[in-house]
Amino acid sequence: MAILYAIINRHRYPIGSEDHPLLTNNPHSLVRNFELNLYNKNAIPDLSNMPAPRLFATHAPALSLCDEVKNNSGCKVVYVCRNPKDSVVSFWHFLGKLKPEAASRLSFDEFFDSFCSGVITFGLFWDHVVDHWKASLSMPEKVMFLSYEQIIEQPDHYVKKMAEFMGCPFSSVEEDEGVVNGIVKMCSFSHLSQLEVNKSGRTQNGVRHDSFFRRGVVGDSKNLLSSEMINKIDRITEEKFSPHGLTI
């Protein structure tokens, strides 16, 4: 969210400026979420009153979005997935901060089984990923599919790819002036997690800002998953992803 916000607003809020909104606001307050903010409790917001370009966040499955994306000429989706082993660990820790009382009544083994069977918010992880992958293949001009690991490995490259996809590529002058690298540094996990606004305060829905920042590393799952758990997730991943030529 921070990367996309910085990209599309870079002329309004120059990268490197001391008053950039990302330095004093949690990304979740700058990029509104469809199901958690805008349409929460059956609200029907008037999105037309929001100035363009409009940027939103959502966890909705592809089947809930595809028709609108296909029929709206200006709508584009950047979908970011993560390795399922790291995802289940991250989700578990997030739940512990989001609902500590509920998490205390649930063992990690129980949560792991729920994750693998899809009895969690937004349904089965693998189906969610595959449906967006298929959407990106059928509508490449509308849906961009990325993995967290790709962005971590080549942040400059994928920041430029995202800007191109959204129709606002960086000029050669911007690249020479270090705008791309500036966005990478400002939106890096290490930088955002150390900002005071992301270490304190809460979202509109009462979620602690620090809930969204833990470690942000690739491969953290090895610290919590047993070999049996790893084998189970790898088996499900192979069964779900390989028929579609998808690897994460």
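Preceding this paragraph is the structure being described.
Everything numeric here is computed off the predicted structure, so don't read it as measured data.

Asks: Tell me what's going on with helix H15 (residues 227–241), and back it up with residues and numbers.
Replies: An ideal rise of 1.5 Å per residue puts 21 Å on 15 residues; H15 measures up with 21 Å between its terminal C-alpha atoms. Along H15, the residues classified as buried are Met229, Ile233, Ile236, Thr237 and Phe241. In a view along the axis of H15, the buried residues occupy a sector of 110°, so they form one face of it. Structural note: H15 exposes Glu228, Glu238 and Glu239 on the side pointing more than 90 degrees away from its buried face. Next to the buried residues of H15 lie helix H5 (84–98), helix H7 (108–117) and helix H8 (125–138).

Asks: Please provide a residue-by-residue account of the environment of Val88, values included.
Replies: With respect to the secondary-structure elements, Val88 resides in helix H5. You can call Val88 buried: its relative accessible area is 0%. Val88 sits 84 residues away from Ser172 along the chain, and the two C-alpha atoms are 40 Å apart. Non-local contacts of Val88, meaning those with residues more than four positions away in its chain, are made with Phe108, Phe111, Phe112, Phe115, Leu225 and Ile233.

Asks: Mind laying out the nonpolar core, listing which residues take part and the relevant values?
Replies: By size, the foremost hydrophobic cluster in this structure holds 32 residues, and its most contacted members are Val88, Phe112, Trp126 and Val129. Looking at this core, the elements with two or more residues in it are helix H4 (62–71), strand S3 (77–81), H5, H7, H8, strand S4 (143–147) and H15. Considering every element that reaches this core, the biggest residue donor is H8, with six residues. Once you skip the residues sitting within four places of it in the chain, Val129 turns out to touch Tyr79, Cys81, Phe145, Phe241, Leu246 and Ile248.

Asks: So, the pattern of salt bridges: which residues are in play, and what are the values?
Replies: Any two side chains of opposite charge can pair if their charged atoms end up close together. For the coordinates displayed, the defined rule picks out eight salt bridges. The salt bridge involving Asp127 is made with Lys240; its shortest N-O contact spans 3.3 Å. You can see Asp127 sitting in helix H8 and its partner Lys240 sitting in helix H15, a full 113 residues away along the chain. On the basis of relative accessible area, Lys240 is assigned to the partly exposed category, the value being 29%. For Arg215, the salt bridge goes to Asp220, with nearest N and O atoms at 2.5 Å.

Definitions and limits used
Residues numbered from 1 in each chain as written. Predicted model: local features only at pLDDT ≥ 70, side-chain atom pairs only at ≥ 80, totals over all residues. Heavy atoms only, no water. Helix = DSSP H or I, 4+ residues; strand = E, 2+ residues; numbered from the N terminus. Expected span 1.5 Å × (residues − 1). Buried < 20%, exposed > 50% of the residue type's maximum accessible area, 1.4 Å probe, protein only. Arc of directions from axis to C-beta. Contact = heavy atoms within 4.5 Å. Core = buried A, V, L, I, M, F, W, Y, C linked by side-chain atoms within 4.5 Å. Salt bridge = Lys/Arg side-chain N within 4 Å of Asp/Glu carboxyl O.

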